[in-house]
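Report on the structure
So you can see what is in the structure, the chains are spelled out below.
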Amino acid sequence: MPSDPGQPRAPALVVLHGPNLDRLGSREPEIYGTLRLSEVDAAIEAEARALGISVTCRQSNHEGQLIEWVHEADDHADGLVVNPAGYTHTSVALADALAALRIPAVEVHLSNLYARNSMRHTSLTGAHCAGVVMGLGLDGYLLAIRYLSRRLAAEAP
Ligand code: DQA
C-alpha cells in the first residue's frame, strides 16, 4: 500500500482462508483440531490488536474470489497471510497471483503436509511466499502475523 508520509498509520494485514476452512471445528477434527474458523479469526484479531496492527480475515471456497482478494491486498494492504487449503496443491492461477505480489506473504497450513499423503507434499503457492508455516495449528497464523508485523516495522521509513 502506498504510504502517506504525513499520515502514519498502523500496518494492515489480510488473512485469507481457502476452501473448506469454513468447516473447521467439524471438519476432520483429528487433523485440523476443534476450533471453529470464527475462533481462529478471533485469536488472529486479538494478536493483531496486541501488536498494534490491523487485520482483515476472509474465507472463500472459490478460487477466483481468493485471487481477487490477493489483488486487493496487494493494492490496499501491507502484508498477506494465506492458507490456500486444497488450492495449494492445484492452483497455478492462485500461485501466479501470489508471484505478482509486491507485499510480503506467508503461507500457513494447520496440518503438517509432510506427514500426510504425497499429493499434499507439493505446494504450488509456497514458493511465492516469504515462508511457509505448517503443522502448528492456530499458532501458525499467529507466528505469521508476528513475522509480518516485525518485518514491516523493520522496513518502515
Ligand atoms: C490445509 C492442508 C491442505 O492440504 C488441505 O487441502 C486443507 C487444509 C491445512 O491447513 O492443513 O484444506 O491447508
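Provided above is the structure to which this section pertains.
Here's what I pulled together on the structure shown here. Source: prediction; values computed, not measured. (Residues numbered from 1 in each chain as written. Predicted model: local features only at pLDDT ≥ 70, side-chain atom pairs only at ≥ 80, totals over all residues. Heavy atoms only, no water.)

**A short note on the overall build of the chain**
Rules: Labels follow the DSSP assignment, with helices taken as runs of H or I lasting at least four residues and strands as runs of E lasting at least two, numbered in each case from the N terminus. With the radius of gyration taken over C-alpha atoms, the globule rule is written as 2.2 Å times the number of residues to the power 0.38. By definition, residues are in contact when any of their heavy atoms lie within 4.5 Å. Note that accessible areas follow from Shrake-Rupley with a 1.4 Å probe, and for residues the cover is restricted to the protein chains shown. Positive charge is attributed to Lys and Arg, negative charge to Asp and Glu, and no charge count is given to His or to the chain ends. By convention, charge coordinates are those of NZ in Lys, CZ in Arg, CG in Asp, or CD in Glu.
Regarding its fold elements, the chain presents five helices and five strands. When the elements of the chain are put in sequence order from the N terminus, they spell out β-α-α-β-α-β-α-β-β-α. Computed over the C-alpha atoms, the radius of gyration of the chain is 15 Å, within 12% of the 15 Å expected from 2.2 N^0.38 for a compact globule of 157 residues. C-alpha atoms of the chain, sized along the principal axes, occupy 50 × 30 × 25 Å. For the chain, the share of sequence-separated contacts (at least 6 apart) that also reach a separation of at least 24 residues comes to 78%. Put simply, the chain shows about 8,000 Å² of open surface, and 52% of that area lies on carbon and sulfur atoms. The averaged location of the 18 negative side-chain charges in the chain is 4 Å from the averaged location of its 12 positive side-chain charges.

**Topic: helix α2 (residues 37-51)**
Think of an α-helix as 3.6 residues a turn; residues three or four steps apart then line up on the same face. Convention followed: Working rule for helices: expected span equals 1.5 Å times residues minus one. Buried means the residue's accessible area, taken with a 1.4 Å probe over protein chains only, is under 20% of the maximum for its type, while exposed means over 50%, and partly exposed covers the values in between. By definition, the arc is the one covered by directions from the helix axis to the C-beta atoms.
Taking 1.5 Å per residue, 15 residues should reach 21 Å; α2 reaches 21 Å between its end C-alpha atoms and fits that length. Burial in α2 covers these residues: L37, V40, D41, I44, E47 and A48. Seen from one end, α2 has its buried residues packed into an arc of 120 degrees, which puts them on one side. Of the exposed residues in α2, those oriented more than 90 degrees away from the buried face are R49 and A50. Downstream of α2 by a residue or two, G52 has a phi angle that is positive, lying close to 75 degrees.

**Examining the site of the ligand**
Convention followed: Being near a molecule or strand, for a residue, comes down to having at least one heavy atom within 4 Å of it. Within 3.5 Å is the distance limit for a polar contact, defined as a pair of N or O atoms, with the added protein rule that one can donate a hydrogen and the other accept it, and that residues adjacent in sequence qualify only through two side-chain atoms.
Near the ligand, the surroundings consist of R27, Y32, N83, A85, G86, H89, H109, L110, S111, L113, R116 and R120. Here R27 contributes a side-chain N or O atom positioned 2.9 Å from an oxygen atom of the ligand. Between an oxygen atom of the ligand and a side-chain N or O atom of S111, the distance comes to 2.6 Å. Within the complex, the protein chains bury 98% of what would otherwise be the 320 Å² of accessible surface of the ligand.

**Quick word on the sheet that holds strand β1 (residues 12-17)**
The following threshold applies: In this analysis, strands are considered paired if DSSP registers two or more bridges between them. Orientation is described by axes fitted as lines to C-alpha atoms, over the contacting stretch for helices, and by angles from 0 to 180 degrees between their N-to-C directions.
Pairing is parallel in the open sheet, where five strands are placed in the order β2-β1-β3-β4-β5. The sheet is open, and its two edges are formed by β2 (54-59) and β5 (131-134), each paired on a single side. Direction aside, the axes of adjacent strands within the sheet are offset by 20 degrees on average. As judged from the three bridges shared by strand β3 (residues 79-83) and strand β4 (residues 105-109), these two strands associate in the parallel manner. Looking at the pairing, V81 lines up with V106 of β4.

**A look at the side chain of E47**
When you line up the elements, E47 lands in helix α2. Classification of E47 as buried rests on a relative accessible area of 17%. Here E47 is in contact with L142, I145 and R146, once residues within four sequence places are set aside.

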